[in-house]
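Descriptive analysis of the structure
The primary structure of each chain is shown beneath.
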Amino acid sequence: MKLNREGLRSAEEWKAAGYMLPQYDREAIYRNTMGNPRWIHFGAGNIFRAFQANIMQRLLNREVCDTGLIAAEGYDAEIIDRVNKPCDDYSILATLKADGSIEKTVIGSVLQSYVLDPERKEEFGQLKKVLCNPSLQMASFTITEKGYNVYDKQGELLPGIRTDLEHGPENPKSYIGKVVSLIYARFLAGSFPLALVSMDNCSRNGERLSEAVLVFGEGWEERGLVQNGFLDYLKDPRKITFPWSMIDKITPRPDETVLRMLKADGLEDLDIVVTAKHTYTAPFVNAEECEYLVIEDRFPNGRPPLEKGGVIFTDRATVEKVEKMKVGACLNPIHTALAVFGCLLGYRKISDEMKQPLLKKLAARLGYDEGLPAAVNPGIIEPAKFLKEVLTVRIPNPFMPDTPQRIATDTSQKLAARFGGTIRTYLASESLSVSELRIIPLVFAGWLRYLLGVDDGGKPFPLSPDPMQEELAEQLKEIRLGQISGAEDAVRPILKNDRIFGVDLYQAGLAAKVLDNFKEMLHGPGAVQACLEQELG
Ligand SMILES: NC(=O)C1=CN([C@@H]2O[C@H](COP(=O)(O)OP(=O)(O)OC[C@H]3O[C@@H](n4cnc5c(N)ncnc54)[C@H](O)[C@@H]3O)[C@@H](O)[C@H]2O)C=CC1
Ligand SMILES: O=P(O)(O)OC[C@H]1O[C@](O)(CO)[C@@H](O)[C@@H]1O
């Protein structure tokens, strides 16, 4: 069995092996899509295969839509060249359900994929054609949070962005520059409307995308590198919108166990590819069943009826509340807590941590006792119900190959969004008091202890990538396991850093508690476990 057009001709063999196949005439859908594209997606990563492409597959199966998706990849050409193209843009979705069953679906809803690179002229020309088509309604993005960066930490334009601004829309090299170059082609073709929808996992994602796009609109127009009117076009909500969204579906990297299972079904030529840019990709993707996608409903050229595929459309304020509820209270803080302690205690799977009574209690208390009281109910999703599902179904799912090490990536960038809002709510509240917070300081202490790169058994372990790694290592370089003196002075500047925590922990009245826990965890091997027992036992 081969995953491509030819291989899928033996449909019976696939069905006998338990695969659900596309129930539409893919050739006809291909013609419709290329003739009248409605949805292009930038960022052909794992979440796109697992989520957006599967929504579209369901809509095509039910004949709710008659056009599918076009994918563009502007960062890592290997994804398209080594994975999409050899499989004729088919992929396999392995849905790992909490009851242990696995649903295997051949996804055919991506009809065409391109590398977004002006130097690949033929493909860039095809992409321009797609963008110039009046039928196009939305361009969506999952390009990671850093994909939207145009400024450095000092607020200066990044060198690559500056160069692109000076050279104009002909041959940009930066991701957003390339996207805006395509939108400029659409402007020239007739100023057709379009929604640009960031679906990345960051707060106010629509605002992030719009700010990055407007840097190019302004930079090119003031240099006379684009026709007058382009900037107005980008700023006119009747033409271009940047809806905000909240996306949620745990999609780990492609997993070896799942690969072996697919191979045992008879699949050939299937492998996990780790690209030169360290993307983990494959013609299959493994993900949980649960999924939420909430989008601000501002589509100036109309939109595919994605609500029929489970997407919730609402207003911006509601999107923001849902995002805060998920990222700041009911899911991601718990993930981060398990990531930090999981690395320290030697776990390789998030779900295994939920079998350990202390860590399970840590997750529950963080969610119910500290996050939930500060969470705003967005109305469309009930926080307590969402949290219960996270704690009882999603995170403990033993079939999900998600790792503490993956989630621990970039923790310094995540703490403010995940915990800062809760702390500020406690500070501002008349009924809640910061002194009641016991678990959040424990997690911060655990993170400081994690940063030493030595596990609770005293063995060194590799820290997950983090842009602040060097800076933090320098600040903590004098601290050793078993040596408590000097710890307070070393961590003071970190605890005062409101960019990391969203608040100055001294001003917030939490630093002393963090320090107490941290010092306890420094006593020697086994001290992390002992501290958890003392705080939670
Ligand atoms: N994997 C998950 O569970 C979820 C992911 N997301 C969002 O989707 C994003 C991507 O996740 P995956 O597709 O799972 O990851 P992935 O590693 O499979 O793919 C990453 C995608 O982003 C692109 N990319 C990486 N660095 C980039 C850069 N500096 N500039 C522009 N593009 C860049 C890659 O080329 C690829 O298209 C996440 O960062 C997150 O914001 C949202 C919800 C769940
Ligand atoms: O900690 P990260 O890297 O944002 O990942 C958290 C996990 O939870 C999610 O937010 C679930 O939607 C995904 O982004 C990811 O699987």
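Values in this document were obtained by computation on a predicted structure and should not be read as measured data.

Right, let's talk about the UniProt feature "domain: Mannitol dehydrogenase N-terminal" (unreviewed entry) in the chain for a bit. In this structure's numbering, the residues bearing the UniProt feature "domain: Mannitol dehydrogenase N-terminal" (unreviewed entry) are residues 38-308. End C-alpha atoms of residues 38-308 are separated by 16 Å, and the span's content is 35% helix alongside 20% strand.

Moving on to the site of ligand 1. If you check the shell around ligand 1, you find 22 residues, and the closest are Asn-46, Glu-73, Asp-200, Asn-201 and Thr-251. Within the backbone of Ile-47, a nitrogen or oxygen atom sits 3.1 Å from an oxygen atom of ligand 1. One nitrogen or oxygen atom from the main chain of Asn-201 is found 2.7 Å from an oxygen atom belonging to ligand 1. Burial of ligand 1 by the surrounding chains reaches 84%, relative to a free accessible area of 820 Å². Partitioning the shell around ligand 1 into residue classes produces 8 nonpolar, 8 polar and 6 charged.

Before going further, it helps to spend a moment on helix H7 (residues 175-190). Turn by turn, an α-helix covers 3.6 residues, leaving residues three or four places apart pointing in a common direction. In a regular helix each residue adds 1.5 Å, so 16 residues correspond to 22 Å; H7 covers 24 Å between its end C-alpha atoms and thus fits that length. Downstream of H7 by a residue or two, Ser-191 has a phi angle that is positive, lying close to 50°.

You will see that Thr-144, though not glycine, has its phi angle at about 65°, which is positive. Examined against the element boundaries, Thr-144 turns out to sit in the loop between strand S7 (138-141) and helix H6 (159-167). A relative accessible area of 37% means that Thr-144 is categorised as partly exposed. Its identity as a non-glycine residue notwithstanding, Arg-204 has a phi of 50°, on the positive side. Looking at the secondary structure, you find Arg-204 in the loop between strand S8 (194-198) and helix H8 (205-222).

Annotation from UniProt places "domain: Mannitol dehydrogenase C-terminal" (unreviewed entry) at residues 319-521. Across residues 319-521, helical content stands at 60% and strand content at 0%; the span's end C-alpha atoms are separated by 39 Å.

Moving on, we come to the sheet that holds S8. Spatially, 6 strands are ordered S6-S3-S2-S7-S8-S9 in an open sheet, and the strand pairing comes out parallel. Two strands in the sheet have a free side with no partner beyond their single neighbour: strand S6 (110-115) and strand S9 (240-241). Sheet topology places strand S2 (residues 39-42) next to S7; 4 bridges connect them, and they run parallel. Residue pairing in the sheet places Trp-39 in a bridge with Met-138 of S7. Sitting on the sheet, helix H4 (residues 77-84) is in contact with strand S3 (69-73) and S6, with an inclination near 135° to S6. Lying on the sheet, helix H5 (residues 121-132) is in contact with S2, S3, S6 and S8; it crosses S6 at an angle near 125°.

The subject of this paragraph is H6. Those residues of H6 that sit buried are Ile-161, Asp-164 and Leu-165. Around the axis of H6, the buried residues are gathered within 100° of arc, so they sit on the same side. Exposed positions of H6 whose direction lies more than 90 degrees from the buried face are Pro-159 and His-167. Looking at the packing, one finds that the buried side of H6 touches H7 and H8.

Throughout the structure, instances matching the rule amount to 14 aromatic pairs. With centroids separated by 5.2 Å and ring planes inclined at 50°, the aromatic side chains of Tyr-292 and Phe-386 adopt a geometry described as tilted. Highlighted residues: Tyr-292 in strand S14 (residues 292-296) and Phe-386 in helix H15 (residues 383-394), separated in sequence by 94 residues. By the burial criterion, Tyr-292 is buried, and Phe-386 matches it. Positioned above the aromatic ring of Tyr-280, the side-chain terminus of Arg-253 is 4.3 Å from the ring centre. Cation over ring: Arg-303 sits above Phe-313, and NZ or CZ is 3.5 Å from the ring centre.

Procedures and definitions
- Residues numbered from 1 in each chain as written.
- Chains lettered and ligands numbered in written order.
- Predicted model: local features only at pLDDT ≥ 70, side-chain atom pairs only at ≥ 80, totals over all residues.
- Heavy atoms only, no water.
- UniProt positions renumbered as here; feature names shortened; annotations may be inferred.
- Helix = DSSP H or I, 4+ residues; strand = E, 2+ residues; numbered from the N terminus.
- Near = heavy atom within 4 Å.
- Polar contact = N/O pair within 3.5 Å; in protein donor to acceptor, adjacent residues only side chain to side chain.
- Areas by Shrake-Rupley, 256 points an atom, 1.4 Å probe, with all protein chains shown as cover.
- Nonpolar A, V, L, I, M, F, W, Y, C, P; charged D, E, K, R; others polar.
- Expected span 1.5 Å × (residues − 1).
- Buried < 20%, exposed > 50% of the residue type's maximum accessible area, 1.4 Å probe, protein only.
- Pairing = 2+ DSSP bridges.
- Contact = heavy atoms within 4.5 Å.
- Axes fitted to C-alpha atoms, helices over the stretch in contact; angles between N-to-C directions.
- Arc of directions from axis to C-beta.
- Phe/Tyr/Trp six-rings, centres within 6.5 Å; stacked < 30°, edge-to-face > 60°.
- Lys NZ or Arg CZ within 6 Å of the ring centre and 35° of its normal.

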